Amino acid sequence: MRKISFTAPGKLLLLGDHAVVYGKPSLVAAINKFVTVTTSDNRVKESTFVAAARKLFEQKYGPIKSGFKIVGFDSRYGLGSSAAVTVAVAKTMFKLKGIRSTNKQLFDFCYRVVLNVQGLGSGFDLAAAIWRGVIYFVTGGKKIERLPVKQLPLVVGYSGVKADTATMVKKAAKLIDSNFLKVSQTIVNQGKAAILKKDWKKLGELMNINQAVLRKIGVSTGKLERLIKAALAAGAYGAKLSGAGGGDCMIALHPDGIQGKLLVERAIKQAGGEVLKVKLAL
Ligand code: PMV
């Protein structure tokens, strides 16, 4: 049988973590960590998201005989491998049945899959996997706007701890108030303007404000704080956790030039982080 194959990227959350669960905007970046799904004659036991995507698809459009071979990046980092797998499998199934879908239809299908599996979430990671680049994203895909930017001076440090998104969202919910949501919304809107102007210094300042309010809702950790502090001391324009917190990765914006980047990377390593080489996926 002719093989069908689709690839989808992982993500980082630049601004708006947690608030994006509550109807507020966020800024999302798709990154060059990819999942590839290829049809296969072999049907093996499928992971939770693949099985849920198959189930929803088959309910709507009929059976899929094919299995899927999945080659991905390490799910341990919290860089959106589940969302990327869901998107690549969904695209493969639509293609197998010869069904054309817009990006928004694909998003809506995948978002339903995610809600079926974990019951909550904004869907920002699916938008990154589908649209790529840098996206202004509002909860559930109410607004999805790709921004005209081709690179960001990103450094990513893994804290060495795997976090559980659903647990962190439930924990944070107890401390999220209208002030948190208002601050988050304001910095995301200012962050969008900063990205459009390629004002990385301003974007960095906004990341620092975001980190301060995320710290207050109890989602940062000692290790994330150490990596963030080290990155800032080495000259980063800004640094924050990315995603739910409780572990996973922090991100920093390094000053112009290779030297600035190396200094921030070295500081993160010295503070006990694992530096991940990351670029935007366009
Ligand atoms: O932990 P991650 O990378 O899945 O990110 C979660 C981000 C939240 O805003 C906390 C939840 C969401 O679905 O937007």
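Overview of the structure. These figures come from a predicted structure and were not determined experimentally.

This brings us to the packing of helix α6 (residues 178–196) against helix α7 (residues 200–216). It is the contact of α6 with α7, at a shortest axis distance of 9 Å, that shows an interaxial angle of 165°. By the angle between their axes, α6 is roughly antiparallel relative to α7. In this structure, α6 crosses over α7, and the sense of that crossing is left-handed. Only W200, K202, L203, L206, I209, N210, V213 and L214 of α7 make contact with α6, whose side of the interface consists of F180, V183, I187, Q190, G191, A194 and I195. Here the residues of the contact of α6 with α7 sort into 11 nonpolar, 3 polar and 1 charged.

It is worth spelling out helix α8 (residues 222–233) at this point. Over its 12 residues, α8 runs 16 Å from end to end, which matches the ideal 16 Å to within 8%, given 1.5 Å per residue. All of the buried residues along α8 are L224, L227, I228, A230 and A231. Looking straight down α8, one finds its buried side chains confined to an arc of 165°; they lie on one side. The outward face of α8, more than 90 degrees from its buried face, is lined by the exposed residues K229 and A233. Along its buried surface, α8 packs onto β6 (154–158), α7, β7 (238–241), β8 (249–253) and α9 (257–270). In the segment just after α8, G235 is the residue with positive phi, at about 110°.

Let us now look at the sheet that holds β6. The strand order across the open sheet formed by 4 strands is β7-β8-β6-β9, and the pairing between neighbours is antiparallel. Single-partner strands in this sheet number two, and they are β7 and β9 (274–276). Here the average twist between neighbouring strands, direction ignored, is 25°. Pairing geometry for β6 and β8, over 5 bridges, is antiparallel. Considered in β8, the bridge of L154 is made with L253. Strand contacts of α7: β7 and β8, with the helix running at about 35° to β7, the strand carrying the most contacts.

The rules behind each value
- Residues numbered from 1 in each chain as written.
- Predicted model: local features only at pLDDT ≥ 70, side-chain atom pairs only at ≥ 80, totals over all residues.
- Heavy atoms only, no water.
- Axes fitted to C-alpha atoms, helices over the stretch in contact; angles between N-to-C directions.
- Helix = DSSP H or I, 4+ residues; strand = E, 2+ residues; numbered from the N terminus.
- Parallel < 35°, antiparallel > 145°, perpendicular 65-115°, else oblique.
- Left-handed = near helix turned anticlockwise from the far one by under 90°.
- Contact = heavy atoms within 4.5 Å.
- Nonpolar A, V, L, I, M, F, W, Y, C, P; charged D, E, K, R; others polar.
- Expected span 1.5 Å × (residues − 1).
- Buried < 20%, exposed > 50% of the residue type's maximum accessible area, 1.4 Å probe, protein only.
- Arc of directions from axis to C-beta.
- Pairing = 2+ DSSP bridges.

Geometry only, nothing functional implied.
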